Amino acid sequence: MVNFIWLFFILVGFIVAAINGRIEVVTEAAFEGAKTGVTVCFGLISILVFWLGMMRIAEDAGLLSKMAKLLQPLVRFLFPGIPRNHPAIGYIMSNMSANILGLGNAATPMGIKAMQELQKLNPNKEHASPEMCTLLALNTSSLTLVPTTLIAIRMNFNSLTPTDIVGTTLIATFISTAAAIMVDRWYRKRQPPIHYTKG
Amino acid sequence: MYSLVSLISAWTIPILLVFIPLYAVFRKVPVYESFTDGAKDGFDTAVKIIPHLVGMMVAISIFRASGAMDFFIGMLKPLLDYLGVPSEVFPLAILRPITGAGSLAFTTDLIKEHGPDSMIGRIASTIQGSTDTTLYVLTVYFGAVGIRKAGYALKVGLISDLVGFVAAIAVCVLVFG
C-alpha cells in the first residue's frame, strides 16, 4: 500500500509536469524534498534526545509501573474477558502507560508481549480474539500526553507557540479513543462470546 | 475554551519537566545518568526516520510542484468546503492510517507551506498527534503472534482514525477559530 502511494505520487507528478510542459520542476522538487527531509530530521534530534531522556528518568523512577497501577480499574473494565491475575493484564497496563507518556519505543514491545499472552488465551489461533481487537483499538487511537515530534517540527518552522497544540491534541485524542472503545464494544456485542479456559 | 486549552498547553510540559526529575530523585534514581542513557535512543530514532522522511518528501514535493496536488484538491474542494474542512488537510486523512512517516512528511510540508501557526498548520499538527498508523500497528501486533484474520480490529482502528480526524478539525476550529 505504501509502495503504491509512493509510486503514485511520483508517477502522477511526473505525468502532470510533462503535460504542463514544466518537466524541469520535477528535478528541482525532488532535490528540494530530499533536503527538507534531512533538515526536518536534524531538527527532530534535539527534542527527541531531550524527551527520551526525560522519559527514561520516568521509567527508572517507577512512574511507568505507578501509572500501570492507576490504570488497573480501566483495564478491568475494557478487558472483562481476561481471567484475574493473568500476566496479560500487566503487559496491557504497561503498554497503555508507555503510550500515554509518549514512549513509543517502550510501548511496542509491551504491546507485543500483551498480544502473546492474549494469544495463549485465544481458542482460535488464526483469528483475533475480542481482547486483541480492543488492545489494538487502544493502540491505534493514539493515547498521547505530549505530541513530542509535532512540537519539534513546529519549533523547526519558527512557530511562535509550538506547544499550543498540546491541548487540542489531548481533546482530539480523548474523543478518538472514546470512539474506539465504543465502536469496539459495539462490534464485540455482535459477536458470539468466547469462553476462556483458565490460562 | 481557548484560554483553558492554552492554559493546559502551556503548563503540561513545564509541570512534567519539574515533576519527573523531582519524583525520581525522591526515589533515589541517578537522574542525570538515567537522562543521558535514555537520550541516546533519541538520536538513533531521529536518524532512523531520515530515509523514510526523505523518500516521502521527495514524492510529495514532486506531486505538489507538478500541480497534481492542486488538481486533486480542486476536484474535492466543493464537497470539503461544504463540510467545512480545509481541503489542504484532506490527503492526511488517507495517508495517516497507512504510513506514519508519509503522513509526518505531509504534515511537515503543510506546516512549511502554510506556517506552523496557521489554522491548517495547527489542524495538521493536531491530526498527526491524535491518530495513529493503524495498518502498521495492526501488522506489527498481529504479525508478532501469527494472527491472520484481524476480525473487526481494522474497522475499529479506521473508524477511530476518522473520528480523530474530524475531532481534530472541530477542536482546532473551536479553539483557534
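Computed from a predicted model, the values in this text were never measured in an experiment. (Residues numbered from 1 in each chain as written. Chains lettered and ligands numbered in written order. Predicted model: local features only at pLDDT ≥ 70, side-chain atom pairs only at ≥ 80, totals over all residues. Heavy atoms only, no water.)

Caption draft 1: Main features of helix α3 (residues 63-78) of chain A. With 16 residues, α3(A) should cover 22 Å at 1.5 Å per step; its first-to-last C-alpha distance of 22 Å lies within 8% of that length. Turning to α3(A), its buried residues are Leu63(A), Leu64(A), Met67(A), Ala68(A), Leu71(A), Val75(A) and Leu78(A). (Helix = DSSP H or I, 4+ residues; strand = E, 2+ residues; numbered from the N terminus. Expected span 1.5 Å × (residues − 1). Buried < 20%, exposed > 50% of the residue type's maximum accessible area, 1.4 Å probe, protein only.)

Caption draft 2: How the structure looks around the UniProt feature "domain: Nucleoside transporter/FeoB GTPase Gate" (unreviewed entry) in chain B. UniProt marks residues 47-147 of chain B with the feature "domain: Nucleoside transporter/FeoB GTPase Gate" (unreviewed entry), using the numbering shown here. The annotated region residues 47-147 of chain B carries 82% helix and 0% strand content, and the separation between its end C-alpha atoms amounts to 31 Å. (UniProt positions renumbered as here; feature names shortened; annotations may be inferred.)

Caption draft 3: Geometry of the interface of chain A and chain B. With 101 residues of chain A at the contact, the number on the chain B side is 93 residues. Contact between chain A and chain B buries roughly 8200 Å² in total, counting both sides, with carbon and sulfur atoms accounting for 77%. At the boundary of chain A with chain B, the tally comes to six salt bridges. Note that Asp117(B) is salt-bridged to Arg154(A), the shortest N-O span being 3.4 Å. Linking chain A with chain B are 25 residue pairs in polar contact (both at pLDDT 80 or more). Contributions of two or more residues to the side of chain A that touches chain B are made by α1 (2-19), α2 (24-60), α3, α5 (104-121), α6 (130-140), α7 (148-156) and α8 (166-189) of chain A. If one sorts the elements of the side of chain A that touches chain B by residue count, α2(A) sits on top with 27 residues. Its residues assigned to classes, the side of chain A that touches chain B comprises 60 nonpolar, 30 polar and 11 charged. (Contact = heavy atoms within 4.5 Å. Buried area = accessible area lost by both parts, 1.4 Å probe. Salt bridge = Lys/Arg side-chain N within 4 Å of Asp/Glu carboxyl O. Polar contact = N/O pair within 3.5 Å; in protein donor to acceptor, adjacent residues only side chain to side chain. Nonpolar A, V, L, I, M, F, W, Y, C, P; charged D, E, K, R; others polar.)

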